[in-house]
Amino acid sequence: MLQSLTRRALLGLAALSLPGWAQARTPAQTAGPFYPPPDQRFADDDWDLVKIEGAVREAGGEILHLSGRVLSEGQPLEGARVEIWQCDATGQYLHSGDRGPGGGDPAFQGYGQMRTGPDGAWRFRTIRPVAYPGRTPHIHARVTAPGRPVLTTQFYVAGEPLNARDVLYRRLGAAGQAALTMELAPAQDGSLAARIDFLV
C-alpha cells in the first residue's frame, strides 16, 4: 500500500512540474496484433469476461476485479468507452490469428467494454493476466472519450519477474512503468482486486 501511495505521489508531483500545470497523461502503448475485431467477438461483450451469457461454466484462471476512473484535468469523464482485451489462462487471445497449441478457453470472453457514468468510473471482472512466449503478463486497454484522442495502452502486474525482460515494459521508463503497473490485492471473496485510472 505504501509503495502504491508513493508511486501516486510521485506522479502527482510530475504533473505539477509540467508547463501550465498540465496533467500527466497515461502513457500510450501498442494495441498488439490480437485486438479482437467485431466479427470475432462474442455477442456478450460486457464488463464480465469470466462469464459468457448462456455458457455452462465460467472461465479458468484467477479472478481479478479491475476498476478505476477516466479523468481529464482531474475531472471525471462521463460517457467514455473503456475496452479491455487479454489472453485466456492458456495464453491464447480471442483472435483468429492466434492459434495456440492449447486450443484456448472457450468460456473466456477475451474482450469486454463499458461506458463510464457521471463519476468516470469503470470496472471489469476478468482474470489475472498470464504470460505467453515473449511477453510478461499484461492487459490491453483502450479509452475513447468525447473530445479526446483515443488512448490505447497496456497494464502490467507489480512484482512480476518477467517485467524486467519485457521489451515494451522496459521502454516505458520509471515514470511510465509506475503509471501502468497494477498492484494486485486480495479481495474479500478470495479473488484479486486492482485499481488504476486513465488520465486522458
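Report follows, based on the coordinates.

Rules and cut-offs
- Residues numbered from 1 in each chain as written.
- Predicted model: local features only at pLDDT ≥ 70, side-chain atom pairs only at ≥ 80, totals over all residues.
- Heavy atoms only, no water.
- Buried < 20%, exposed > 50% of the residue type's maximum accessible area, 1.4 Å probe, protein only.
- Helix = DSSP H or I, 4+ residues; strand = E, 2+ residues; numbered from the N terminus.
- Pairing = 2+ DSSP bridges.
- Salt bridge = Lys/Arg side-chain N within 4 Å of Asp/Glu carboxyl O.

Section: the pairing of strand E6 (residues 138-144)
Along any regular strand, the residues point their side chains to alternate faces of the sheet.
Move 1: Extensive coverage of E6 is indicated by the burial of six of its seven residues.
Move 2: Direction of pairing for strand E3 (residues 81-85) relative to E6: antiparallel, over a ladder of five bridges. Bridge assignment links Ile-84 to a residue of E6, and that residue is Ala-141.
Move 3: In terms of strand pairing, E6 meets strand E7 (residues 151-157) through six bridges, oriented antiparallel. Bridge assignment links Ala-141 to a residue of E7, and that residue is Thr-153.
Move 4: Taken together, E6 and the strand that follows it, E7, pair antiparallel across an intervening segment of six residues, in which Gly-147 is found at a positive phi of about 75°.

Regarding the sheet that holds E7
Move 1: Spatial ordering of the open sheet is given by E4-E3-E6-E7-E8, a layout of five strands whose pairing is mixed. Since the sheet does not close on itself, it has two edges, and those belong to strand E4 (111-115) and strand E8 (181-182), each with one partner.
Move 2: The pairing of E7 with E8 spans two bridges and is classified as parallel. Opposite Tyr-156, over in E8, you have Thr-181 as the bridge partner.

Quick look at the pattern of salt bridges
Move 1: Evaluated as defined, the whole model comprises five salt bridges.
Move 2: Residues Asp-105 and Arg-57 are paired through a salt bridge, measuring 2.8 Å at the closest nitrogen-oxygen approach. Residue Asp-105 is located in the loop between E3 and E4, and its partner Arg-57 is located in the loop between helix H1 (2-16) and strand E1 (63-72); the two are separated by 48 residues in the primary sequence.
Move 3: For Asp-105, a relative accessible area of 11% corresponds to the buried category.
Move 4: Arg-125 is the salt-bridge partner of Glu-58, the closest N and O atoms lying 3.1 Å from each other. One end of the pair, Glu-58, is in the loop between H1 and E1; the other, Arg-125, is in strand E5 (residues 121-127), and 67 residues separate them in sequence.

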